[in-house]
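# Coordinate analysis (summary)
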Amino acid sequence: MYKPIEFEITDPTQVVEKTIHFFTRSEFKLVEQNGNNLKFKKGSILRNGFTFDPLKWKSDLTVEITGNKIKAKLDIANTGQSMGNKEEEVLDSFFKSYKLYVNEGLDFEKAHADAAQKIKKHGWNIVLWAVLGAVVIGVPAGIIAYLTGIKSILTTGAIFGAILGMLKVQAGKKPKDL
């Protein structure tokens, strides 16, 4: 998934240093610097399966600074994860923090911590509702599978319930709305 951003710089002095500082403090590794063109890398495909935070997923970032403009493109490998509204909000907040840091020098670390906490809570909410959906639909499906002798009904019911539970959370439904 690609996430581009482009914005004007109010003060071009030390923008390269500020950019390097922002992204290295956000756990990106600077892998290439060619004048005002920067490349960063972060994460691994294996780590994608163990975190809900899209800022910790395997990603490549390119930043091009020309005159009074910054163009950045984040390429996220979201293998093993789904990209929903909450993940998009985290990325938008991340780039907003970058813009504010470069232009106004505002602290970004508290915003990162808050966004990480929200996405972690949202991720565990998805897992909870997936398990609940699998049980709620899987148990009756298991009874039907036992009575009919068709074992695939149990698997299908449990998978369908898990997917239904995840989709309800991703759609922004509250547990009481289900």
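Heads up: the structure comes first, above all this text.
Here goes a summary of the coordinates provided. (Residues numbered from 1 in each chain as written. Predicted model: local features only at pLDDT ≥ 70, side-chain atom pairs only at ≥ 80, totals over all residues. Heavy atoms only, no water.)

## Points about the overall build of the protein chain
Threshold: Per the convention used, a helix needs a DSSP run of H or I reaching at least four residues, while a strand needs a run of E reaching at least two, with both numbered from the N terminus. Throughout, exposure labels follow a simple rule: accessible area from a 1.4 Å probe, protein chains only, divided by the maximum for the residue type, with under 20% read as buried, over 50% as exposed, and the rest as partly exposed. Whether two residues are in contact is decided by their heavy atoms: any pair within 4.5 Å suffices. To measure how exposed things are, a 1.4 Å probe is used in the Shrake-Rupley method; for residues, cover is taken only from the protein chains shown.
Regarding its fold elements, the protein chain presents five helices and five strands. Traced from its N-terminal end to its C-terminal end, the protein chain shows the element sequence β-α-β-β-α-β-β-α-α-α. Of all 178 residues assigned to the protein chain, the portion counted as buried reaches 32%. Of the contacts made within the protein chain by residues no fewer than 6 positions apart, 59% connect residues no fewer than 24 positions apart. Summed over its atoms, the accessible surface of the protein chain is roughly 10700 Å², and 59% of this surface lies on carbon and sulfur atoms.

## Considerations on the environment of I126
By the element assignment, I126 lies in helix α4 (residues 109–148). Using a relative accessible area of 12% as the deciding quantity, one classes I126 as buried. Sequence separation between I126 and K168 is 42 residues, and the spatial gap between their C-alpha atoms is 8.7 Å.

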